[in-house]
Amino acid sequence: MNGYSKVKKPMRPFSREECLQFISEGCKTGKVATVRKDGRPHVAPIWFILDGEVLVFTTHEDTLKGRTLKRDPRAMLSVDNEVFPFDFVLVEGVATLERLLPRSLVRWTAKIAARYVPKEYVESTAERNAVDGELLVRLEISKMTGMADVAS
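Reading guide: rules and limits
One numbering rule holds for all chains: residues counted from 1, following each sequence as written. Owing to the predicted nature of the model, reporting of local features is limited to residues with pLDDT of at least 70; listing and counting of side-chain atom pairs is limited to 80 or more, with chain, interface and lining totals taken over all residues. By convention in this description, side-chain values take in all heavy atoms of the structure and omit both hydrogens and water. Secondary structure elements follow DSSP: runs of H or I no shorter than four residues count as helices, runs of E no shorter than two count as strands, and numbering proceeds from the N terminus. Buried, partly exposed and exposed residues are distinguished by accessible area as a fraction of the type maximum, computed with a 1.4 Å probe on protein chains only: under 20%, between the cut-offs, and over 50%, respectively. Polar contacts here mean pairs of N or O atoms no more than 3.5 Å apart (in protein, one a potential hydrogen donor and the other a potential acceptor; neighbouring residues in sequence count only if both atoms are side-chain atoms). Two residues qualify as a contact provided that any one of their heavy atoms is within 4.5 Å of a heavy atom in the partner residue. Working convention: axes come from line fits to C-alpha atoms, limited for helices to the stretch in contact. Angles between N-to-C directions cover 0 to 180 degrees. Note on terminology: angles under 35 degrees are roughly parallel, angles over 145 are roughly antiparallel, angles of 65 to 115 are roughly perpendicular, and the others are oblique. By the definition used in this description, the sense in which the near helix is turned from the far one sets the handedness, with an anticlockwise turn below a right angle giving left-handed and a clockwise turn giving right-handed. The salt bridge definition used is simple: a Lys or Arg side-chain nitrogen within 4 Å of an Asp or Glu carboxyl oxygen. Regarding the arc, it is the one traced by the directions from the helix axis to the C-beta atoms.

Draft legend 1. Examining the side chain of Glu61 more closely. Here Glu61 lies in the loop between strand E5 (54-60) and helix H2 (64-71). Given the relative accessible area of 17%, Glu61 is considered buried. A polar side-chain atom of Glu61 sits 2.3 Å from a polar atom in the side chain of Arg99. If sequence neighbours within four positions are ignored, Glu61 has contacts with Gly66, Arg67, Lys70, Arg99, Gly133 and Leu135.

As structure tokens, then:
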């Protein structure tokens, strides 16, 4: 069997609510795209959470991602389901960068870590990621599209 169902479901667009639900459930890694100074694209995997309808993640100010977002806050995020029948959501937005003291940032790094690591590692992961120079990134969603059942 080739993995394809004999019953075909048509590919269909996600509603905004379905997009938000899709990107917030499970531990899907996001791939964030930014633009380098010379115009070349840069893509990096991120862990993120939703705070209402704002995507929240962290990055160090010295990373390429951090430097590009400081210069040009426009970004795009791709989140996908890598299992048949495949789904994806694309998010466009403008990022704001916040420099917080580590003791304030740890609240956010703990929320993010709780989505991705086993419970017994949340505190140590949060503390490891809440360091001087780490920025809280809030990506205000301006456009979001998604498709369900891409390969069915």
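Draft legend 2. Spotlight on the packing of helix H3 (residues 102-116) against helix H4 (residues 122-129). For the pair H3 and H4, the least separation of the axes is 8 Å and the interaxial angle reads 130 degrees. Put simply, H3 runs oblique to H4. Of the two elements, H3 crosses H4, and the hand of that crossing is right-handed. Judged by residue contacts, Leu105, Val106, Thr109, Ala110, Ala113 and Ala114 of H3 engage Val122, Thr125, Ala126, Glu127 and Asn129 from H4.

Draft legend 3. Here's a closer look at the pattern of salt bridges. With the rule as written, the count across this model stands at 10 salt bridges. As a salt-bridge pair, Arg99 and Glu61 come within 2.3 Å of each other at their nearest N and O atoms. One end of the pair, Arg99, is in strand E7 (residues 87-99); the other, Glu61, is in the loop between E5 and H2, and 38 residues separate them in sequence. Judged by its relative accessible area of 55%, Arg99 falls in the exposed class. Measuring nitrogen to oxygen at the nearest pair gives 2.7 Å for the salt bridge that ties Arg74 to Asp72. Accessibility expressed as a relative area gives 54% for Arg74, which makes it exposed. Several salt bridges share partner residues, and in doing so they unite Lys31, Asp80 and Glu82 into one network.

Draft legend 4. Local environment of H2. Among all positions in H2, only Lys65, Gly66, Thr68 and Leu69 are buried. For H2, the angular spread of buried residues about the axis comes to 170 degrees, placing them on one side. For H2, the secondary structure elements touched by its buried residues are strand E2 (30-35), strand E3 (41-46), E5, strand E6 (74-81), E7 and strand E8 (134-148).

Draft legend 5. Expanded view of helix H1 (residues 16-24). Cys19, Leu20, Phe22 and Ile23 are the residues of H1 that are buried. An end-on view of H1 places all buried positions within 165 degrees of arc, on one side of the element. The secondary structure elements touched by the buried residues of H1 are strand E4 (49-51), E5, E6, E7, H3 and E8.

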